[in-house]
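Below, each chain spelled out in residue letters.
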Amino acid sequence: MRILSKRRLRFLLTVIFAVSAVVIFVRCVVQFQLNKEIKYYKKYFKDRKDKLEGMYNPLEIKQIPSETIDRLYTDQLSRLEEQGKVVNWSKYAYINYVTDSAYLCNTLIIFDDLKNKFKTEAKLVLLISRDLLDPETSGDIEHIKYQLHKIQSLDENQVVIKYIENIVKPDDYTPWNESLTKLLVFNETDYDRIIYLDNDALLRNNLDELFFLPHYIRFAAPLTYWFLSEKDMKEAYKEVQHDDKNSINLKTYTKKLDLRIKNNKMIYNHLPSLPNYLFMNSKNVAQEIIHSTSSASPLFNFHINKKASKTKFASNLMVIRPSAELFNSIITEALPKVLSKKTKYDMDLINEEIYNFKKIIYYQFDLFRRMKSRFQPEVLVLPFARYGLLTGSIKNRQHHDLITNDILGYKRLDESGQQLETDVHTSIDDSKYIHFSDYPIGKPWNYASISEFECKVDEKHSKNIEQDTEACDLWNSVYTTYLDNRKICSP
Ligand SMILES: *[C@@H]1O[C@H](CO)[C@@H](O)[C@H](O)[C@H]1NC(C)=O
Ligand SMILES: *[C@@H]1O[C@H](CO)[C@@H](O)[C@H](O)[C@H]1NC(C)=O
Ligand SMILES: *[C@@H]1O[C@H](CO)[C@@H](O)[C@H](O)[C@H]1NC(C)=O
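To start, this report covers the structure provided alongside it. Here the structure is a predicted model, which is why all the values come from computation and not from measurement. (Residues numbered from 1 in each chain as written. Chains lettered and ligands numbered in written order. Predicted model: local features only at pLDDT ≥ 70, side-chain atom pairs only at ≥ 80, totals over all residues. Heavy atoms only, no water.)

### Focus: the sheet that holds strand 10 (residues 433-435)
Right, so step 1: Pairing within the open sheet is mixed, and its three strands lie in the order 5-10-9. Two strands lie at the open edges of the sheet, namely strand 5 (201-203) and strand 9 (389-390), each paired on one side alone. (Pairing = 2+ DSSP bridges. Helix = DSSP H or I, 4+ residues; strand = E, 2+ residues; numbered from the N terminus.)

Pasting the structure below:
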């Protein structure tokens, strides 16, 4: 008996070993072939990009610099003007959502500023939970109604208030248990393009230029830069400079892009690429992208590194082309996966299920291989210093170098390759959207005045009192502006 089972066991092990060996061998061959093809097309696009029209590079994730976003905007406005046309602003919308009454005041502040201070003509759309007006589930309904009335009164036509049902994570008592409600913005198909904004932020100008990103782009957002370490950036710079030392200079890209926009040529292939190091865990691109889409048995994937990407899309500001089809797949496929997992929220759904960088490259390349000229890219990375800054970074000196070089992997250098003396405070001043995020301070509406949480320089430990004072002053001014603005919400 024992002998038999031992023999049987040995046989079984042999079979498993043989099958594994075949699977691994086949996988190696597939990966080898795919890597060869990837290498070929990477070179193809590098060598030929100045001449290509209508063929997009499927193997890179592209970042768009602020300079280029502005250039596209002014260029399109002047083209329209030449043709005697005007922008139809009702196709565009800024969107906020509110599931917690403490956030409603922020929408009033942001919409009021957008309309009256920054003079946008795009629609201002608020999605608000129906629950908040239900006397059984909501406190202070009178105050909520008062603020809603003020929001609508900003402009009867321009402001649209929609009542929605929350998407709730069951058995979850964290502050994020209703954050998946945000996904409803993908369903706002009345608009060609929307700018979604988390409203716990200071908005310092309008963002109208973002409506005019290239038409094929369906999703654009800044990245979670705060996860990146100095070592990550060193590796990223090294990768960008691998073939050519000058390829790190952002100026060489923006100059060329300006010229191409002026001549009405395609710009996508000329945008700076996100270094692979920041979202792949190894140099084996084929393996990485194949694995990102497979849910193959763990037995055969034991050797694959499952570490998360170093950076991903932040979800506090997103430029979206709403689509019923995409929304449907979010609700029926992606959402159920996330609802059943603990500690997964809106940002996870967006990065793991919809816009995972490795998956994007996999599907892009797959489509490209089948129909070269039919493939069009859908995503872009926005510069985070202008569109995705966290308040915490203003006083975090370790983030300052990143803030002045917010196209990741590239630097703002002068003609001779020296770092331009942009000081970080100029970059912060240029920032249009600053998200309130300061652990452990929490949100500013929990305080009566700035004196309760203001930033003070620690003179004993400061390495540069002058710079630290300047950073503190800037940080305080962001919150003081908010505290002044919120007066608008009280009767
Ligand atoms: C502007 O766009 C809206 C929404 O798509 C449309 O209903 C309206 O007719 C357009 N207006 C003009 C003047 O084209
Ligand atoms: C969400 O969490 C909060 C606590 O943060 C809790 O008061 C609330 O009941 C939760 N909501 C639901 C629908 O579970
Ligand atoms: C999505 O939008 C459609 C059309 O406006 C609407 O009928 C539907 O109820 C929306 N879905 C959800 C879940 O809100």
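### Topic: the sheet that holds strand 1 (residues 92-98)
Right, so step 1: Spatially, the seven strands line up as an open sheet ordered 3-2-1-4-7-6-8, and their pairing is mixed. Both outer strands of the open sheet, strand 3 (159-164) and strand 8 (379-381), are each paired with one neighbouring strand and no more. With direction set aside, neighbouring strand axes in the sheet form an average angle of 20°.
Right, so step 2: Across the sheet, helix 3 (residues 104-117) is in contact with strand 1, strand 2 (123-129) and strand 4 (193-197); its angle to strand 2 comes to roughly 175°. (Axes fitted to C-alpha atoms, helices over the stretch in contact; angles between N-to-C directions. Contact = heavy atoms within 4.5 Å.)

### Side note on the site of ligand 3
Right, so step 1: Near ligand 3 the following residues occur: Leu184, Asn187 and Phe327.
Right, so step 2: Take Asn187: an N or O atom from its side chain is 2.3 Å from an oxygen atom of ligand 3.
Right, so step 3: For ligand 3, the protein covers 30% of the area, taking 360 Å² as the surface of the free molecule. (Near = heavy atom within 4 Å. Polar contact = N/O pair within 3.5 Å; in protein donor to acceptor, adjacent residues only side chain to side chain. Areas by Shrake-Rupley, 256 points an atom, 1.4 Å probe, with all protein chains shown as cover.)

### What about the nonpolar core?
Right, so step 1: Counting residues in each nonpolar core, the largest one holds 146 residues, and the members touching the most others are Phe186, Phe219 and Leu382.
Right, so step 2: Once residues within four sequence positions are removed from consideration, Leu382 is found in contact with Ile64, Ile69, Leu210, Leu213, Ala220, Ala221, Pro222, Leu223, Leu317, Val319 and Tyr387. (Core = buried A, V, L, I, M, F, W, Y, C linked by side-chain atoms within 4.5 Å. Buried < 20%, exposed > 50% of the residue type's maximum accessible area, 1.4 Å probe, protein only.)

### A look at the packing of helix 2 (residues 66-82) against helix 6 (residues 250-262)
Right, so step 1: For the pair helix 2 and helix 6, interaxial distance at closest approach is 10 Å and the crossing angle is 15°. By the criterion of interaxial angle, the relationship of helix 2 to helix 6 is roughly parallel. Crossing geometry of helix 2 relative to helix 6 is assigned as right-handed. Only Thr254, Leu257, Asp258, Ile261 and Lys262 of helix 6 make contact with helix 2, whose side of the interface consists of Glu67, Thr68, Arg71, Leu72, Asp75 and Arg79.
Right, so step 2: Residue composition of the contact of helix 2 with helix 6, grouped by class: three nonpolar, two polar and six charged. (Parallel < 35°, antiparallel > 145°, perpendicular 65-115°, else oblique. Left-handed = near helix turned anticlockwise from the far one by under 90°. Nonpolar A, V, L, I, M, F, W, Y, C, P; charged D, E, K, R; others polar.)

Function cannot be read off these values alone, since they describe shape.
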